[in-house]
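Spelled out, the chains give:
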Amino acid sequence: MSSPLKLVHKNKKVLFWGLLLVVVLVVTAATRKVRIIDKSRQLMRSSSKQYRTRSLDSINQIFVHHSASIGQTAEDYARYHVQSRGWPGIGYHFVIEVNGDIIQGNPLTNVSYNVAGHNTRGIGICLSGDFTRQEPSAAQLKSLGRLIAHLRRQLPQSLAVNGHKEFGQTSCPGHHLEKHLYKFQ
């Protein structure tokens, strides 16, 4: 039979390890969470045009873009795409602002315009900035990683990650962002 002192010591150890496990699980869950600000109904849209839709199982690519501009936001891109390009709405599913905020511009079921000839199978993610001239912020890269991980958890199929330039004559997403994309393969 164990002495009462040994039982108290054993119970303290069990309690310590149990609490440690809870802390690890909470921290792990918090780091996996991604905060997405859904502006898909707030950003400018055409009053007469709509994007086609698709089933989620048709998606197998994530296309990474840069805005090729400095100091602009998802609202600016939506206005430009609708007013100047004549599109139904913003061309990206997500925009990652300089501060790391992830803005959802379209539902994943929308076939938005971001890589000509490949839109049906891709998710467009644009990081605000001109990455031919500047580095993406640390917050943007962290949010990009979290968003890609989130999308891979949401969709059961494999999702390749490529820069826009892999599918067209463009420098997008800029060499300062492109050099980071290997981290998300």
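Residues numbered from 1 in each chain as written. Predicted model: local features only at pLDDT ≥ 70, side-chain atom pairs only at ≥ 80, totals over all residues. Heavy atoms only, no water.

A.B. asks: Please clarify how the pattern of salt bridges should be interpreted in this entry.
C.D. replies: In total, this model carries 6 salt bridges according to the counting rule given. Among the salt bridges present, the one from arginine 133 reaches aspartate 130, with a minimum N-O distance of 3.8 Å. By relative accessible area, which is 9% here, aspartate 130 ends up buried. Between lysine 179 and glutamate 135 there is a salt bridge, and its shortest N-O distance comes to 2.8 Å. Taken together, the residues span a long stretch of sequence, with lysine 179 in the segment after α4 (175-178) and glutamate 135 in the loop between β5 (122-127) and α3 (138-154) at a distance of 44 residues. (Salt bridge = Lys/Arg side-chain N within 4 Å of Asp/Glu carboxyl O. Buried < 20%, exposed > 50% of the residue type's maximum accessible area, 1.4 Å probe, protein only. Helix = DSSP H or I, 4+ residues; strand = E, 2+ residues; numbered from the N terminus.)

A.B. asks: It is not clear to me how the pairing of strand β2 (residues 61-66) should be interpreted in this structure. Could you clarify?
C.D. replies: The side chains of a regular strand alternate, residue by residue, between the two faces of the sheet. When you tally the buried positions in β2, you get 6 out of 6 residues, the bulk of the element. Note: β2 against β5, 6 bridges, orientation parallel. In the strand pairing of β5, histidine 65 is matched with cysteine 126. The pairing of β2 with strand β6 (residues 160-163) spans 4 bridges and is classified as parallel. Within β6, the position partnered with glutamine 61 by the bridge is alanine 160. (Pairing = 2+ DSSP bridges.)

A.B. asks: What's the story with the environment of phenylalanine 63 in this structure? I'm lost.
C.D. replies: Looking at the element boundaries, phenylalanine 63 is found in strand β2. On the basis of relative accessibility, which here comes to 0%, the residue phenylalanine 63 falls in the buried class. Linking phenylalanine 63 and proline 173, residues 110 residues apart in sequence, is a C-alpha distance of 9.3 Å. Those residues in contact with phenylalanine 63 that lie beyond four places of it in its chain are Asn114, Val115, His118, Gly122, Ile123, Gly124, Ile125, Asn162 and Phe167. (Contact = heavy atoms within 4.5 Å.)

A.B. asks: What am I meant to see in the packing of aromatic side chains here?
C.D. replies: Aromatic ring pairs are described here by two measures, namely the spacing of the ring centres and the angle between the planes. Applying the stated rule across the entire model yields 4 aromatic pairs. Where tyrosine 51 meets tyrosine 113, the ring centres are 4.8 Å apart and the plane angle is 90°; that geometry is what we call edge-to-face. With a gap of 62 residues between them, tyrosine 51 in the loop between β1 (36-38) and β2 and tyrosine 113 in the loop between β4 (102-104) and β5 connect regions that are remote in the sequence. Relative accessible area serves as the criterion here: at 33%, tyrosine 113 is assigned to the partly exposed category. With centroids separated by 5.1 Å and ring planes inclined at 75°, the aromatic side chains of phenylalanine 63 and phenylalanine 167 adopt a geometry described as edge-to-face. In this pair, phenylalanine 63 sits in strand β2 while phenylalanine 167 sits in the loop between β6 and α4, placing the two residues 104 residues apart along the sequence. Accessibility expressed as a relative area gives 24% for phenylalanine 167, which makes it partly exposed. (Phe/Tyr/Trp six-rings, centres within 6.5 Å; stacked < 30°, edge-to-face > 60°.)

A.B. asks: What is the right way to read unusual backbone geometry from this model?
C.D. replies: Among all residues except glycine, the phi angle is most often negative; among peptide bonds, the trans geometry is most common. Residue proline 173 is bonded to the preceding cysteine 172 through a cis peptide linkage, with omega at 20°. Following the sequence through the fold, proline 173 ends up in the loop between β6 and α4. With a phi close to 60°, alanine 68 is a non-glycine residue in the positive phi region. Among the secondary structure elements, alanine 68 is positioned in the loop between β2 and α2 (74-83). Since its relative accessible area comes to 46%, alanine 68 is described here as partly exposed.

A.B. asks: So what exactly am I meant to see when it comes to the nonpolar core here?
C.D. replies: The nonpolar side chains of a soluble globular protein tend to be buried with one another. In this structure, Ile62, Ile123, Ile125, Leu144 and Leu151 are the most contacted members of the largest nonpolar core, which totals 23 residues. Every element with two or more residues in this core is listed here: β2, β3 (94-96), β5 and α3. Take this core: its biggest share by element is 5 residues, from α3. Excluding its chain neighbours within four sequence positions, the residues that come into contact with isoleucine 123 are Arg54, Ile59, Gln61, Ile62, Phe63, His93, Phe94, Leu108, Leu151 and Leu155. Among the nonpolar cores identified, the runner-up in size contains 9 residues, and Ala74, Tyr77, Ile90 and Tyr92 belong to it. (Core = buried A, V, L, I, M, F, W, Y, C linked by side-chain atoms within 4.5 Å.)

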